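Chain by chain, the residues run as shown.
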Amino acid sequence: MSRPLPAGARNPFEFGRELAPDELVDREEELRDIGRIVANRGKLFFIGPRRYGKTSILNAVEHRLAKRGVVVLRYDAEAYESLSLLAQAVLTGAARKLTGPLAKAGGIIKKFFARLRPDVNYDLANHKITVKIGTTVEPRAAELPFLTDVLDGIERLARAAKKPVVVILDEFQQVVREGGEAAERQIRAAVQRHRQVSYIFAGSKTQLLADLSGDPGRAFWKLGERRFLGPVPREDFRRFLRKGFGAAGFKTTPEGIERILDAAEDVPYNVQRLASACWERLRVRDDRVLSPGAVDDALQSVVKNENPAYIQVWTNLTKAQKKALKAVIEEGGRELHSRAILHRHGIAASTMQRALEALDALGIVRQDEAAGGIRFRLEDPFFAAWLAMAQEQQ
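Read on for an overview of the structure. All figures in this text were calculated on a predicted structure; none of them were measured in a lab.

**Some words on the packing of helix α8 (residues 234–246) against helix α9 (residues 254–264)**
The description of two helices packed together rests on the angle between their axes and the distance between the axes. Viewed as axis vectors pointing N to C, α8 and α9 meet at an angle of 120°, and their least axial separation amounts to 10 Å. For the element pair α8 / α9, the angle class is oblique. For α8 against α9, the interelement crossing comes out right-handed. Taken together, the residues of α9 that come into contact with α8 (itself represented by Arg234, Phe237, Arg238, Leu241, Arg242 and Phe245) are Ile257, Glu258, Ile260, Leu261 and Asp262. A class-by-class count of the residues in the contact of α8 with α9 yields six nonpolar, no polar and five charged.

What follows is the structure, encoded as structure tokens:
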């Protein structure tokens with residue numbers, strides 16, 4: 001029978017939610033850089049793969065800036081089915097945070113956003129207002145001007161209120177997908193004139209955002225600074241993991257810690273998820289030792305839980321995409337267009353290229369800059385463990 005855990009012990013490894021500022025592991029440099037750029041009324045392209053904790057960092061940024069008196073308007077562009085609805089959400093946020101007393105809010109909004117013919121609705125019970133944009137123009141044609149007009153209005157409103165404002169648009173690539181090249185040109189034309197409002201354009205489509213902000217032929221070229229979010233340094237994660245397991249009286253081994261980081265490929269979400277599964281398994285084991293074997297047992301339980309989702313992803317791929325995906329896994333994502341690798345996986349160069357592009361578009365793989373060229377990585381490192389387990393059972 002296993003020994004009882006220390007009083008109040010609970011699983012410290014949480015995943016699947018936006019972390020609180022005090023739960024981040026070693027992101028102080030990113031927080032300082034973003035705070036400096038906002039203080040200077042700058043613009044920032046904040047680029048990081050999914051599962052790396054980008055949204056949790058933006059949450060911490062919001063908390064820190066709010067304490068300094070900065071008005072933060074943070075929105076996830078993928079949460080809205082159109083640019084006009086995103087524009088309405090941003091406008092409503094500005095109305096709530098920049099207009100002062102509720103009684104004056106409607107008049108202020110109609111003054112500073114007159115071109116949008118705003119319809120202001122009052123919720124007296126909750127002391128909130130909601131703003132809808134007028135619908136006298138064809139919605140599809142007006143969606144992008146709606147957004148740029150809102151941003152222009154926020155600049156005017158911020159100057160009048162004499163308050164620093166930052167607009168944070170997460171998953172910004174959705175705006176570019178919706179609006180195309182026109183979105184790039186018109187948003188740049190608007191925000192490059194703004195002096196009271198700073199901007200953070202964040203996103204997880206790393207190659208797309210790197211291209212649109214780093215290509216001299218694109219409208220966002222040199223509009224602002226760029227920051228690429230990388231993995232948490234291993235030594236910081238090692239300390240974090242040892243502390244989390246040690247607080248419950250579990251013993252860790254260096255090999256067990258490394259096995260977690262290797263299996264998760266240092267991706268913060270996956271490290272937390274696998275560590276959480278390990279913690280739960282150690283809780284009921286007699287030895288309570290984080291060994292590589294204990295980690296492998298926990299990893300197997302994680303991928304079994306994801307079996308239906310992984311099966312759906314795999315079965316929906318074409319034969320060429322399956323070959324390309326296995327090449328990414330087995331070759332470490334490097335030199336996938338080399339003659340030897342193409343021959344080994346039985347796929348033509350042009351087919352490999354199209355398959356990798358499709359896997360990227362599906363959010364299954366991504367491209368990372370690596371020493372000596374591009375490396376393809378799985379968005380979910382555990383998919384490789386599932387595939388190996390599934391095919392071993394055949």
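**Description of the side chain of aspartate 149**
By the secondary structure assignment, aspartate 149 is in helix α5 (residues 139–161). If we ignore the near neighbours within four places in the chain, the residues touching aspartate 149 are Phe113, Arg115 and Leu116.

**What to know about the pattern of salt bridges**
Side chains that differ in sign of charge can pair as their charged atoms come close. A complete count under the given rule lists 36 salt bridges for this structure. The residue glutamate 225 makes a salt bridge to arginine 227 at a minimum N-O spacing of 3.0 Å. Look at glutamate 225 and you get partly exposed, because its relative accessible area is 31%. In this structure, arginine 344 engages glutamate 331 in a salt bridge whose closest nitrogen and oxygen atoms are separated by 3.0 Å. Linking arginine 344 in helix α14 (residues 339–345) with glutamate 331 in the loop between α13 (319–330) and α14, this pair joins segments that are 13 residues apart in sequence. The class of arginine 344 is exposed, set by a relative accessible area of 51%. Residue glutamate 331 is classed as partly exposed on the basis of its relative accessible area, which comes to 21%.

Here is what the cut-offs are and how they apply
Residues numbered from 1 in each chain as written. Predicted model: local features only at pLDDT ≥ 70, side-chain atom pairs only at ≥ 80, totals over all residues. Heavy atoms only, no water. Axes fitted to C-alpha atoms, helices over the stretch in contact; angles between N-to-C directions. Helix = DSSP H or I, 4+ residues; strand = E, 2+ residues; numbered from the N terminus. Parallel < 35°, antiparallel > 145°, perpendicular 65-115°, else oblique. Left-handed = near helix turned anticlockwise from the far one by under 90°. Contact = heavy atoms within 4.5 Å. Nonpolar A, V, L, I, M, F, W, Y, C, P; charged D, E, K, R; others polar. Salt bridge = Lys/Arg side-chain N within 4 Å of Asp/Glu carboxyl O. Buried < 20%, exposed > 50% of the residue type's maximum accessible area, 1.4 Å probe, protein only.

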